[in-house]
Amino acid sequence: MIEWFAYAQIAVAVVAGLLGIVLGLAGRVPNDLVLGSLALVELLLIGQVVTALVAPAVGNPPTGSLLEFWVYLVSAVLLPPAAALWALIDRGRWATVVCGVAALAVAVMVYRMLQIWTVQQA
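Residues numbered from 1 in each chain as written. Predicted model: local features only at pLDDT ≥ 70, side-chain atom pairs only at ≥ 80, totals over all residues. Heavy atoms only, no water.

> Explanation requested: the nonpolar core in the structure shown.
Side chains that are nonpolar tend, in soluble globular proteins, to be buried together. Membership of the largest hydrophobic core comes to 31 residues, with the highest contact counts inside it found for Leu45, Phe69, Leu73, Val106 and Val110. Counting residues per element, the ones that place at least two in this core are α1 (3-25), α2 (32-54), α3 (66-90) and α4 (93-118). The dominant element in this core, judged by the number of residues it contributes, is α4, at twelve residues. Setting aside residues no more than four positions away along its own chain, Val106 makes contact with Ala13, Val41, Leu45, Ala76, Leu79 and Pro80. (Core = buried A, V, L, I, M, F, W, Y, C linked by side-chain atoms within 4.5 Å. Buried < 20%, exposed > 50% of the residue type's maximum accessible area, 1.4 Å probe, protein only. Helix = DSSP H or I, 4+ residues; strand = E, 2+ residues; numbered from the N terminus. Contact = heavy atoms within 4.5 Å.)

See below:
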């Protein structure tokens, strides 16, 4: 796994999450900025899927549980579209907060996936 790519993903997800939470608590309904940041997080996750499929073939296999890694990755890929769908349906300020929380959850999952891939499990 490309370590800098994972850290870039984490940074984007944290910024998107904080943006969604702050705007939601300020009473803003989901807007293009919040949904666009979720879309960027999703695009980076799709890049993560491609990386995870290609990395073992080029000699960079995971050192931890592959099943746990893919469960995190599939869950992370499903979260942003689910939050965006809710935001489009609900259009309330709490939907904006949910978008932010979903992005922060993705950041945590990506960090855990990075640990699974690069840190030797005992």
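So, next bit.
> Would you mind showing me how to read the environment of Ala6 here?
Along the chain, the position of Ala6 falls in helix α1. Exposure remark for Ala6: the relative accessible area of 0% places this residue in the buried category. Taking the C-alpha atoms as reference points, Ala6 and Ser65, separated by 59 residues in sequence, lie 18 Å from one another.

> What is the right way to look at the environment of Pro80 in this model?
The residue Pro80 is located in helix α3 in this model. Distance in space between the C-alpha atoms of Pro80 and Val106 is 8.2 Å, their sequence separation being 26 residues.

> In this structure, what is going on with the pattern of salt bridges? I would like to understand it.
Once the charged atoms of two side chains with opposite charge are near each other, the side chains can pair. Inspection of every chain in the model, using the stated rule, returns one salt bridge. We note a salt bridge from Arg112 to Glu68, for which the minimum N-O separation is 3.2 Å. A residue pair is termed long-range when its members are at least 10 positions apart, and Arg112 in helix α4 and Glu68 in helix α3 qualify at 44 residues. (Salt bridge = Lys/Arg side-chain N within 4 Å of Asp/Glu carboxyl O.)

> Whenever I open this one, the packing of α1 against α2 confuses me. Can you help?
Helix-helix packing: each pair is described by the crossing angle between the helix axes and the interaxial distance. Where α1 contacts α2, the two axes come as close as 9 Å, and the packing angle between them is 160°. The pairing of α1 with α2 is recorded here as roughly antiparallel in orientation. Crossing of α1 against α2: the hand is left-handed. Packed against α1, whose contacting residues are Phe5, Gln9, Val12, Ala13, Ala16, Leu19, Gly20 and Leu23, the element α2 presents Leu33, Val34, Ser37, Leu40, Val41, Leu44, Leu45, Gly47, Gln48 and Thr51 at the interface. Residues of the contact of α1 with α2, tallied by class, amount to twelve nonpolar, six polar and no charged. (Axes fitted to C-alpha atoms, helices over the stretch in contact; angles between N-to-C directions. Parallel < 35°, antiparallel > 145°, perpendicular 65-115°, else oblique. Left-handed = near helix turned anticlockwise from the far one by under 90°. Nonpolar A, V, L, I, M, F, W, Y, C, P; charged D, E, K, R; others polar.)

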